Amino acid sequence: MRASQILHTRLEGLYCPVGDFFIDPVRPVQRALITHGHSDHARAGHGKVLATRETLDIMRLRYGEGFAGETQAAAFGEELRIGDARVAFHPAGHVLGSAQIAVSAGGLCIVASGDYKRAADPTTPGFEVVPCDVFITEATFGLPVFRHPEAGLEIDRLLGSVGAFPERTHLVGAYALGKAQRVIRLLRERGYERPIHIHGALQKLCNYYASRGIELGTLRPATLEGSGRQDFAGEIVVGPPSAFADRWARRFPDPVACFASGWMRIRQRARQRGVELPLVISDHADWDELTRTIAETGAREVWVTHGREEALARWCELNGIAARPLHLVGYDDEGD
């Protein structure tokens, strides 16, 4: 059996004909296996959805109870049979509940990584290397220029700025699922014990993370109702990046605009967004993590998707690994 008989691309996304299912389809399908809860991978409207318990819960929070016709929770490491395919979910280290999906049939194993990172993250289980014949890897930061610093050191820069400018509010842009909770937890691990103020768009997901045993400390609504502008002097406010582009952000005293993203490695992006304090904190693998992961899987063939596909495919070829870009469409970088 050839790998393309196990998984290949269709307009809806990656399709497994031997199991009659899709992985992270971008259009409604009868059966979908979902790697994680970011909206470019987890969409509503499928007939049946198989995902980790956390991903199903996150989809329910985002889309409501009727987001799918039927749902089934998959435990990490548990092997399930779907048609003539065997599937198993393994930790991806991207956000809470994120998984790689291993699909086996005809003596071959293909692992679809979804989005992943190798860096330590106190809010999600760490990435697990899964030996395979074919590895389908993301390439969001698939260029050698992207080498992410240790996230805790970036939090130290944030805290240093808070100490240096006690009269200013530090507004930290961080995506609602995963990045915001990681930044908050890292602040706690660096000894920041004051209440952290959050935009209302983060409340449900922060509550869910806390319900799963991820301690975020005291969180308060970032609202000026019943308080004055100066009450936020010296405070840290976390919210989705989109909120900082409207009038909401201008209510705080002399705010320091911060943005937590792997894209903050590119200074021009930071300037375009008006970011005063760029924080290079990524929930995706950087170049060294991508290439190390490919080598550690032992895959003899690599398919590259949603990102800088050609550069990573070329690295594979130079290292004796067959590779090709998949050119899937409909995926972005919500987590970064």
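Residues numbered from 1 in each chain as written. Predicted model: local features only at pLDDT ≥ 70, side-chain atom pairs only at ≥ 80, totals over all residues. Heavy atoms only, no water.

**Describing the overall build of the chain**
Turning to step 1, where the next piece is worked out: Helix and strand counts for the chain stand at seven helices and 19 strands.
Turning to step 2, where the next piece is worked out: For 336 residues, the compact-globule formula gives about 20 Å, and the C-alpha radius of gyration of the chain, at 20 Å, lands near that figure.
Turning to step 3, where the next piece is worked out: Buried residues in the chain amount to 57% of all 336 residues.
Turning to step 4, where the next piece is worked out: Pairs at least 24 residues apart make up 61% of the contacts formed inside the chain by residues separated by at least 6 positions.
Turning to step 5, where the next piece is worked out: In the form shown here, the chain has an accessible surface area of approximately 13600 Å², with 48% of it arising from carbon and sulfur atoms.
Turning to step 6, where the next piece is worked out: Looking at the chain, you have 39 positive and 42 negative side-chain charges, and the mean spots of the two groups are 3 Å apart. (Helix = DSSP H or I, 4+ residues; strand = E, 2+ residues; numbered from the N terminus. Rg over C-alpha atoms; globule rule 2.2 N^0.38 Å. Buried < 20%, exposed > 50% of the residue type's maximum accessible area, 1.4 Å probe, protein only. Contact = heavy atoms within 4.5 Å. Areas by Shrake-Rupley, 256 points an atom, 1.4 Å probe, with all protein chains shown as cover. Lys, Arg positive; Asp, Glu negative; His and termini not counted. Charge placed at Lys NZ, Arg CZ, Asp CG, Glu CD.)

**Focus on empty space enclosed by the protein**
Turning to step 1, where the next piece is worked out: Applying the stated criterion to the full structure yields one cavity of 30 Å³ or more.
Turning to step 2, where the next piece is worked out: The space that makes up the largest cavity amounts to roughly 110 Å³.
Turning to step 3, where the next piece is worked out: Every residue lining the largest cavity is counted, 13 residues in all, and those nearest its centre are L14, D24, G114, T305 and H306.
Turning to step 4, where the next piece is worked out: Broken down by class, the residue content of the lining of the largest cavity amounts to six nonpolar, six polar and one charged. (1 Å grid on protein atoms, 1.4 Å probe; cavity = no way out; pocket = protein on both sides within 12 Å on 5 of 7 lines; lining within 4 Å. Points joined across faces, edges and corners; volume = space filled by probe spheres on them. Nonpolar A, V, L, I, M, F, W, Y, C, P; charged D, E, K, R; others polar.)

**Brief notes about the sheet that holds strand β6 (residues 68–73)**
Turning to step 1, where the next piece is worked out: Pairing is mixed across the open sheet formed by six strands, whose spatial order is β1-β2-β3-β4-β5-β6. One side of each edge strand has no neighbouring strand; the edge strands of this open sheet are β1 (8–10) and β6. Sheet twist, expressed as the average angle between the axes of neighbouring strands with direction ignored, equals 35 degrees.
Turning to step 2, where the next piece is worked out: In terms of strand pairing, strand β4 (residues 31–33) meets strand β5 (residues 46–51) through three bridges, oriented parallel. Note that in β5 the partner of R31 across the bridge is K48. (Pairing = 2+ DSSP bridges. Axes fitted to C-alpha atoms, helices over the stretch in contact; angles between N-to-C directions.)

**Examining helix α6 (residues 287–297)**
Turning to step 1, where the next piece is worked out: Turning to α6, its buried residues are W287, E289, L290, T291, T293, I294 and T297.
Turning to step 2, where the next piece is worked out: Residues of α6 that are buried in the fold lie against β11 (134–139), β18 (301–307) and α7 (309–318).
Turning to step 3, where the next piece is worked out: Where α6 starts, the residue carrying a side-chain oxygen 3.3 Å from the main-chain nitrogen of D288 turns out to be D286.
Turning to step 4, where the next piece is worked out: G298 sits one or two positions beyond α6 and adopts a positive phi of about 75 degrees. (Polar contact = N/O pair within 3.5 Å; in protein donor to acceptor, adjacent residues only side chain to side chain.)

**Thoughts on the nonpolar core**
Turning to step 1, where the next piece is worked out: Residues L158, V172, V183, L187, I236, V238 and L279 are the most contacted members of the largest nonpolar core, which totals 34 residues.
Turning to step 2, where the next piece is worked out: Looking at this core, the elements with two or more residues in it are α2 (151–164), α3 (179–189), β13 (196–198), α4 (203–211), β15 (236–239), β16 (256–260) and β17 (277–279).
Turning to step 3, where the next piece is worked out: Looking at this core, the element that brings in the most residues is α3, giving five residues.
Turning to step 4, where the next piece is worked out: Residues contacting I236, with those up to four places away along its chain left out, are L158, L159, V162, H170, V172, L187, Y192, I196 and H197.
Turning to step 5, where the next piece is worked out: The next biggest cluster of nonpolar side chains, apart from the first, holds 28 residues, and it includes I6, L7, I101 and V103. (Core = buried A, V, L, I, M, F, W, Y, C linked by side-chain atoms within 4.5 Å.)

**Considerations on the side chain of K117**
Turning to step 1, where the next piece is worked out: Mapped onto the fold, K117 is located in the loop between β10 (108–112) and β11.
Turning to step 2, where the next piece is worked out: With a relative accessible area of 1%, K117 lands in the buried category.
Turning to step 3, where the next piece is worked out: At 2.7 Å, the side chain of K117 and the backbone oxygen of G93 are in polar contact.
Turning to step 4, where the next piece is worked out: Non-local contacts of K117, meaning those with residues more than four positions away in its chain, are made with A92, G93, H94, T124, F127, R182, S282, D283, H284 and A285.

**Describing α3**
Turning to step 1, where the next piece is worked out: Where burial is concerned, most of α3 is hidden: nine out of the 11 residues are buried.
Turning to step 2, where the next piece is worked out: When we look at burial in α3, the residues that qualify are K179, A180, Q181, R182, V183, I184, L186, L187 and R188.
Turning to step 3, where the next piece is worked out: Looking one or two residues beyond α3, the residue adopting positive phi is G191, at roughly 95 degrees.

**A short note on the environment of R31**
Turning to step 1, where the next piece is worked out: Within the secondary structure, R31 sits in strand β4.
Turning to step 2, where the next piece is worked out: Along the sequence, R31 and V49 sit 18 residues apart, while their C-alpha atoms lie 6.0 Å from each other.
Turning to step 3, where the next piece is worked out: Not counting chain neighbours up to four residues away, the residues in contact with R31 comprise D20, F21, F22, K48 and I82.

**With respect to the packing of aromatic side chains**
Turning to step 1, where the next piece is worked out: This model, assessed by the stated rule, comprises eight aromatic pairs.
Turning to step 2, where the next piece is worked out: A ring pair is formed by F141 and F146, whose centres lie 4.9 Å apart and whose planes are at 65 degrees; its orientation type is edge-to-face.
Turning to step 3, where the next piece is worked out: Through a chain of ring-to-ring contacts, the aromatic side chains of Y116, F127 and F135 assemble into a single cluster.
Turning to step 4, where the next piece is worked out: Sitting over the face of the ring of Y15, R10 holds its NZ or CZ atom 4.4 Å from the ring centroid.
Turning to step 5, where the next piece is worked out: Here R324 stacks its cationic end above the ring of W303, 4.5 Å away from the centre of that ring. (Phe/Tyr/Trp six-rings, centres within 6.5 Å; stacked < 30°, edge-to-face > 60°. Lys NZ or Arg CZ within 6 Å of the ring centre and 35° of its normal.)

**Here's the deal with the pattern of salt bridges**
Turning to step 1, where the next piece is worked out: Enumeration over the complete set of coordinates arrives at 21 salt bridges.
Turning to step 2, where the next piece is worked out: We note a salt bridge from E12 to R10, for which the minimum N-O separation is 3.4 Å.
Turning to step 3, where the next piece is worked out: Among the residues examined, R10 registers a relative accessible area of 38% and is labelled partly exposed.
Turning to step 4, where the next piece is worked out: The partner of R60 in a salt bridge is E65, with the nearest N and O atoms 3.3 Å apart.
Turning to step 5, where the next piece is worked out: Through salt bridges with shared partners, one network takes in R53, D57, R60 and E65. (Salt bridge = Lys/Arg side-chain N within 4 Å of Asp/Glu carboxyl O.)

Treat this as a map of the structure, not an account of what it does.
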